[in-house]
Amino acid sequence: MALSGFPAVSGVSYTMKTITPHEEDDDQDSDFKPLSADEAQQWRDANPQVSVWRILAMQALVGCLVALAVWALTGRQSAGWSAGYGALAVLVPAALFARGVLRHKNVQEPGVAMLRFFGWEMVKIILTVAILVAAPRVVVGLSWLALMAGMVITLKTYWIALLLQSRRLKLD
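As the structure is a computational prediction, the values presented were derived from the model and not from experiment.

### Thoughts on the overall build of the protein chain
Moving on, step 1. Helix and strand content of the protein chain: 7 helices and 0 strands.
Moving on, step 2. Mapped in sequence order, the helices and strands of the protein chain form the string α-α-α-α-α-α-α.
Moving on, step 3. Across the protein chain, contacts joining residues at least 24 apart in sequence account for 73% of those joining residues at least 6 apart.
Moving on, step 4. Taken as a whole, the protein chain presents about 13,000 Å² of accessible surface, with 65% of it coming from carbon and sulfur.

### So, the packing of helix H4 (residues 77–103) against helix H6 (residues 144–155)
Moving on, step 1. Across the interface, H4 lies against H6 with an axial gap of 7 Å and an inter-helix angle of 40°. With respect to their mutual orientation, H4 and H6 come out oblique. As H4 runs across H6, the sense of the crossing is right-handed. Every residue of H6 that contacts H4 at Ala 79, Ser 82, Ala 83, Tyr 85, Gly 86, Ala 87, Ala 89, Val 90 and Leu 91 is listed here: Ala 146, Leu 147, Gly 150, Met 151, Thr 154 and Leu 155.
Moving on, step 2. The residue makeup of the contact of H4 with H6, split by class, is 11 nonpolar, 4 polar and no charged.

### Observations concerning the packing of helix H3 (residues 52–74) against H4
Moving on, step 1. The N-to-C vectors of H3 and H4 enclose an angle of 170°; their axes lie 7 Å apart at closest approach. Looking at the two axes, H3 sits roughly antiparallel to H4.
Moving on, step 2. Across the contact of H3 with H4, the residue classes tally to 17 nonpolar, 6 polar and 1 charged.

### Things to note about the pattern of salt bridges
Moving on, step 1. This structure, assessed with the given rule, holds 2 salt bridges.
Moving on, step 2. Between Lys 33 and Glu 39 there is a salt bridge; the shortest N-O distance is 3.5 Å.
Moving on, step 3. Under the relative-accessibility criterion, Glu 39 is labelled partly exposed at 30%.
Moving on, step 4. The salt bridge partner of Lys 124 is Glu 121, with a shortest N-O separation of 3.9 Å. With a gap of 3 residues between them, Lys 124 and Glu 121 both fall in helix H5 (residues 110–138), about one helical turn apart.

### Description of the packing of aromatic side chains
Moving on, step 1. Enumeration according to the criterion identifies 2 aromatic pairs in this entry.
Moving on, step 2. Plain terms: the ring middles of Phe 117 and Phe 118 are 5.5 Å apart, the flat faces sit at 80° to each other, and that makes the pair edge-to-face.
Moving on, step 3. Since its relative accessible area comes to 38%, Phe 117 is described here as partly exposed.
Moving on, step 4. Here the basic side chain of Lys 124 rests over the ring of Phe 97, its NZ or CZ set 5.0 Å away from the ring centre.

### Let's talk about the nonpolar core
Moving on, step 1. Counting 9 residues, the largest nonpolar core consists of Tyr 85, Ala 89, Val 90, Ile 131, Ala 135, Val 139, Leu 142, Leu 147 and Met 151.
Moving on, step 2. Broken down by secondary-structure element, the contributors of at least two residues to this core are H4, H5 and H6.
Moving on, step 3. Of all the elements, H4 adds the most residues to this core, at 3 residues.
Moving on, step 4. Residues Val 62, Ala 79, Ala 83 and Ala 146 belong to the second largest nonpolar core, which totals 7 residues.

### Focus: H6
Moving on, step 1. With 12 residues, H6 should cover 16 Å at 1.5 Å per step; its first-to-last C-alpha distance of 16 Å lies within 8% of that length.
Moving on, step 2. Taken residue by residue, H6 has Ala 146, Leu 147, Gly 150, Met 151 and Thr 154 as its buried positions. Looking down the long axis of H6, one finds its buried residues gathered within 135° of arc, a one-sided arrangement.

### Structural notes on the confidence of the model for the protein chain
Moving on, step 1. The pLDDT averaged across the protein chain works out to 84; a share of 79% of its residues lies at or above 70.
Moving on, step 2. Taking the mean pLDDT of every element in the protein chain, the minimum, 54, falls on helix H1 (residues 23–30) and the maximum, 96, on H6.

### Here we look at the environment of Ala 161
Moving on, step 1. Positionally, Ala 161 belongs in helix H7 (residues 157–171).
Moving on, step 2. Look at Ala 161 and you get buried, because its relative accessible area is 9%.
Moving on, step 3. Filtering out sequence-adjacent residues up to four positions away, Ala 161 remains in contact with Ile 55 and Met 58.

The rules we used
Residue positions are given per chain, counting from 1 as you read along its sequence in written order. Per-residue local features are limited, in this predicted model, to residues with pLDDT of at least 70; the limit for side-chain atom pairs, both in listing and counting, is 80 or more; totals at the level of whole chains, interfaces and linings are taken over all residues. To get the side-chain values, take all heavy atoms of the structure and skip hydrogens and water. We count a stretch as a helix when DSSP gives it H or I for four or more residues in a row; a strand needs E for two or more, and each element gets its number in order from the N terminus. By definition, residues are in contact when any of their heavy atoms lie within 4.5 Å. Residue-level accessible areas treat just the shown protein chains as cover; the underlying method is Shrake-Rupley with a 1.4 Å probe. All axes are obtained by fitting lines to C-alpha atoms, using only the stretch in contact for helices, and the reported angles, taken between N-to-C directions, cover 0 to 180 degrees. By the definition adopted for this analysis, an angle is roughly parallel if under 35 degrees, roughly antiparallel if over 145, roughly perpendicular if from 65 to 115, and oblique otherwise. A crossing counts as left-handed when the near helix is turned anticlockwise from the far one by less than a right angle, and as right-handed when that turn is clockwise. Residues were grouped as follows: Ala, Val, Leu, Ile, Met, Phe, Trp, Tyr, Cys and Pro as nonpolar; Asp, Glu, Lys and Arg as charged; and all remaining residues, including Gly, as polar. Salt bridge, as used here, is a side-chain nitrogen of Lys or Arg placed within 4 Å of a carboxyl oxygen of Asp or Glu. Summary of the burial criterion: residues with accessible area below 20% of their type's maximum are buried, those above 50% are exposed, and those between are partly exposed, where the area comes from a 1.4 Å probe applied to protein chains only. Here is the rule: rings of Phe, Tyr and Trp (six-membered ring for Trp) pair when centre to centre is within 6.5 Å. Planes less than 30 degrees apart are stacked, more than 60 are edge-to-face, and the remainder are tilted. Working rule: Lys NZ or Arg CZ, within 6 Å of ring centre, within 35 degrees of ring normal, means a charge sits over the ring. To qualify as a nonpolar core, a set must consist of buried Ala, Val, Leu, Ile, Met, Phe, Trp, Tyr and Cys residues joined through side-chain atoms within 4.5 Å. Every helix has an expected span of 1.5 Å times one less than the residues it contains. Comment: arc refers to directions from the helix axis out to C-beta atoms. Known as pLDDT, the predictor's per-residue confidence is scaled from 0 to 100.

This is the structure:
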């Protein structure tokens, strides 16, 4: 028997197996209880969102610190500029993405919201690649190692922001 979309191969049979639901899955579904509007509001109050702009500001600060640290450690100004440019390769596309996505955050259609999200993500990726391609022309004496260090450390900064936010919530 050949399934549609699959070529028929002599000597090979395609069979489809029916998978029965597990009994424990039904028990797990029955434990689910949707939140009331008041409970949802209490949950939102106890778990406030982290501001995207605050994370971008923290990333900018870390990017500057990395650039200064690289400059101090290597003694080469070009290495510091390279690390700073790497931070900018993260910050500029991320800021554009955040502005684009948040500008239309009250869209009611999930398909439109997802299309906008992926569209802005594509813009972010293309801009990041363009910034990296332009790096040898923009930064005199470019150090790719310093650029990547600035980029990676700046990119991973949002984890620090989320960690600090969760600790702040536990202290309150």
